[in-house]
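Chain by chain, the residues run as shown.
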Amino acid sequence: MASGGANVTGTRSTRSLAHRFSLCRRRAPTFPAKKKKLMFTTRGDLRARSAQEGDKVSRSIQTRLVHMTDKLDDPFDSVAPPIYQTATFNQPGATDFGPYDYSRSGNPTRTLLENQMADIENADGAFAFASGMAAIATVMRLVKPGESVLAGNDIYGGTQWFLGKIAPNKQGLHVRHVDMTKVDEVRAALEEGAAEGNAPVKLVLIESPTNPRLEVCDIAAISAVAKEHGAVVCVDNSIMAPIFQRPIDLGAEISMTSATKVRRPRSSAHSNYPSRLTVRLPILPAQVHRGPL
Ligand SMILES: Cc1ncc(COP(=O)(O)O)c(C=O)c1O
């Protein structure tokens, strides 16, 4: 140690680094002797438990926003859940696996968030992403080359760019735009896609309200028509957020929200809040992970 008050007593400079580390360890608060089991559930369990408890109907959205579905079994009972920043997790044994092994594939903090999001939207599962565009790009992976995506003609510029450049040129998808505020136009496009020799519409991407014109689409009516034609409906709910509009309740299979909007205004203190998809089982979410429908 070069200088400073600690050297006046001469104590710190004579202690070895290892000794100082051991002193720090001794000062740390000790965990309760009885180690409790983590209370996390898998996404499938979440649905089963909600059905069992019947709490989705009885708890208001306000209550659900404040009280999480899951609770991390934090030995110190912190009010805000602790954040797990580890990349890897120890396993109980060489052939015995714990719930998490590597944070890219799963992490207790992320599970907590995803379960909370699924609960808020009455969905069966949720996936957190670093951005809204990452979520949209993942949804696009559900469609196979040669199949079609139907989107509105007033949509966010980034989505427009993805549908105009990446989807057709890199993924081999057909992209068609209609006025999503007109259900008849949607129906006509679905029927045309179903005709012999045409690319069938497998995904209907509704942005409602739209960005920038804030046009409102009839999610329930479009979902019903899409279902008749075997197409999955994904709603970009970024402008309303699940607090004001819950697309899964209206019949959509996927609800997507970019968290830089209502949920987390741009540049706010919560700027690390991730975007996510919430999904209805059983059509998803396995395919989100594993490939096309
Ligand atoms: C409607 C809509 N969807 C998606 C996005 C993309 O979200 P992100 O900026 O989180 O990638 C935006 C961004 O402005 C948006 O307005």
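Calculation criteria
- Residue numbers run consecutively from 1 along every chain, following the written order of its sequence.
- Per-residue local features are limited, in this predicted model, to residues with pLDDT of at least 70; the limit for side-chain atom pairs, both in listing and counting, is 80 or more; totals at the level of whole chains, interfaces and linings are taken over all residues.
- Each helix corresponds to a stretch of at least 4 residues labelled H or I by DSSP, and each strand to a stretch of at least 2 residues labelled E; elements are numbered beginning at the N terminus.
- Working definition of burial: number of other C-beta atoms within 10 Å of the residue's own, with buried at 20 or more, exposed at 12 or fewer, and partly exposed in between, all C-beta atoms being placed from the backbone.
- Contact definition: two residues whose C-beta atoms, as placed from backbone geometry, lie within 7 Å.
- Should the C-beta atom of a residue, placed from the backbone, lie within 6 Å of a molecule or strand, that residue is near it.
- Note on residue classes: Ala, Val, Leu, Ile, Met, Phe, Trp, Tyr, Cys and Pro are nonpolar, Asp, Glu, Lys and Arg are charged, and everything else, Gly too, is polar.
- Every axis corresponds to a line fitted to the C-alpha atoms, with the helix fit spanning only the stretch in contact, and the corresponding angles, defined between N-to-C directions, vary from 0 to 180 degrees.
- Roughly parallel covers angles under 35 degrees, roughly antiparallel covers those over 145, roughly perpendicular covers 65 to 115, and oblique covers all other angles.
- Take the far helix as your reference; a near helix turned counterclockwise from it by less than a right angle gives a left-handed crossing, and one turned clockwise gives a right-handed crossing.
- Working definition: the nonpolar core is a set of buried Ala, Val, Leu, Ile, Met, Phe, Trp, Tyr and Cys residues, joined through C-beta atoms within 7 Å.
- In this analysis, the expected span of each helix is defined as 1.5 Å times one less than the number of residues it contains.
- Working definition for bend: take the seven residues up to and ending at a residue and the seven starting at it, fit an axis to each, and measure the angle between the axes.
- A pair of strands is treated as paired once DSSP finds two or more bridges between them.
- A crossover gets the label right-handed when its path from the first strand over the helix to the second runs clockwise, viewed with the strands pointing away from the viewer.

Draft legend 1. The arrangement of the overall build of the protein in detail. Secondary structure summary: the protein contains 13 helices and seven strands in total. In the protein, which comprises 293 residues, the proportion classed as buried is 32%. The contacts in the protein between residues at least 6 apart in sequence include a share of 64% that link residues at least 24 apart.

Draft legend 2. Spotlight on the site of the ligand. The ligand sits among 14 residues. The nearest are Ser131, Gly132, Met133, Tyr156 and Ser258. Within the residue set of the shell around the ligand, elements represented by two or more residues are α8 (132–140) and α9 (157–170). A breakdown of the residues in the shell around the ligand according to their chemical character gives three nonpolar, nine polar and two charged.

Draft legend 3. Just the packing of helix α10 (residues 183–194) against helix α11 (residues 219–228), in detail. Across the interface, α10 lies against α11 with an axial gap of 10 Å and an inter-helix angle of 15°. Relative to α11, the element α10 lies roughly parallel. For the pair α10 and α11, the crossing hand works out as right-handed. Across the interface between the two elements, Val183, Val186, Arg187 and Leu190 of α10 pack against Ala221, Ile222, Val225 and Ala226 of α11. Broken down by class, the residue content of the contact of α10 with α11 amounts to seven nonpolar, no polar and one charged.

Draft legend 4. Broad picture of the environment of Lys71. Its place among the elements puts Lys71 in the loop between α6 (61–66) and α7 (108–120). Residues Lys71 and Leu112 lie 41 residues apart in sequence; the distance between their C-alpha atoms is 7.6 Å.

Draft legend 5. Broad picture of the nonpolar core. Ranked by internal contacts, the top residues of the largest apolar core, which has 44 residues, are Val149, Leu203, Val204, Ile206, Val233 and Cys234. A total of five residues in this core trace back to one element, the largest contributor, which is strand β4 (residues 201–207). Those residues in contact with Ile206 that sit more than four places away from it in its chain are Gly152, Met180, Cys217, Ile219, Ile222, Val233 and Val235.

Draft legend 6. Quick peek at α9. Across its 14 residues, α9 extends 18 Å between first and last C-alpha, which sits within 8% of the 20 Å expected from 1.5 Å per residue. At Leu163, α9 shows its strongest bend, of approximately 30°. Those residues of α9 hidden inside the fold are in contact with α8, β2 (148–152), β3 (174–178), β4 and β5 (232–236). Backbone geometry just downstream of α9 places Gly172 in the positive-phi region, at approximately 70°.

Draft legend 7. Molecular detail of the packing of α8 against α9. Taken N-terminus to C-terminus, the directions of α8 and α9 make an angle of 40°; their axes are 11 Å apart at the nearest point. Accordingly, the angle class assigned to the pair α8 and α9 is oblique. Relative to α9, the crossing made by α8 is right-handed. Two secondary-structure elements touch here, α8 through Met133, Ile136, Ala137 and Met140 and α9 through Gly158, Thr159, Phe162 and Ala167. Classifying every residue of the contact of α8 with α9 gives six nonpolar, two polar and no charged.

Draft legend 8. Representation of the pairing of β5 within the structure. Burial of β5 is extensive: five of the five residues sit out of reach of the surface. Pairing of β4 with β5, which is carried by five bridges, proceeds in the parallel orientation. The residue of β5 that forms the bridge with Leu203 is Val232. After leaving β4, the chain enters α11 and then returns to the sheet as β5, a path that is right-handed. Across three bridges, β5 lies against strand β6 (residues 254–257) in parallel orientation. Bridging across to β6, Val235 finds its partner in Ser255.

Draft legend 9. A look at the environment of Thr210. Following the sequence through the fold, Thr210 ends up in the loop between β4 and α11. A sequence separation of 57 residues divides Thr210 from Asn153, and the C-alpha atoms of the two residues are 9.2 Å apart. Not counting chain neighbours up to four residues away, the residues in contact with Thr210 comprise Gly152, Asp154, Ile155 and Glu215.

Draft legend 10. View of unusual backbone geometry. Across the junction of Ser208 and Pro209, the peptide omega takes the value -10°, indicating a cis bond. With respect to the helices and strands, Pro209 occurs in the loop between β4 and α11. In this structure, Pro212 follows Asn211 across a cis peptide bond, with omega equal to 20°. Its place among the elements puts Pro212 in the loop between β4 and α11. The backbone of Asp77 sits at a positive phi, close to 55°, despite the residue not being glycine. Turning to its location among the elements, Asp77 is positioned in the loop between α6 and α7. Phi is positive for Leu214, close to 55°, though the residue is something other than glycine. If you trace the backbone, Leu214 turns up in the loop between β4 and α11.

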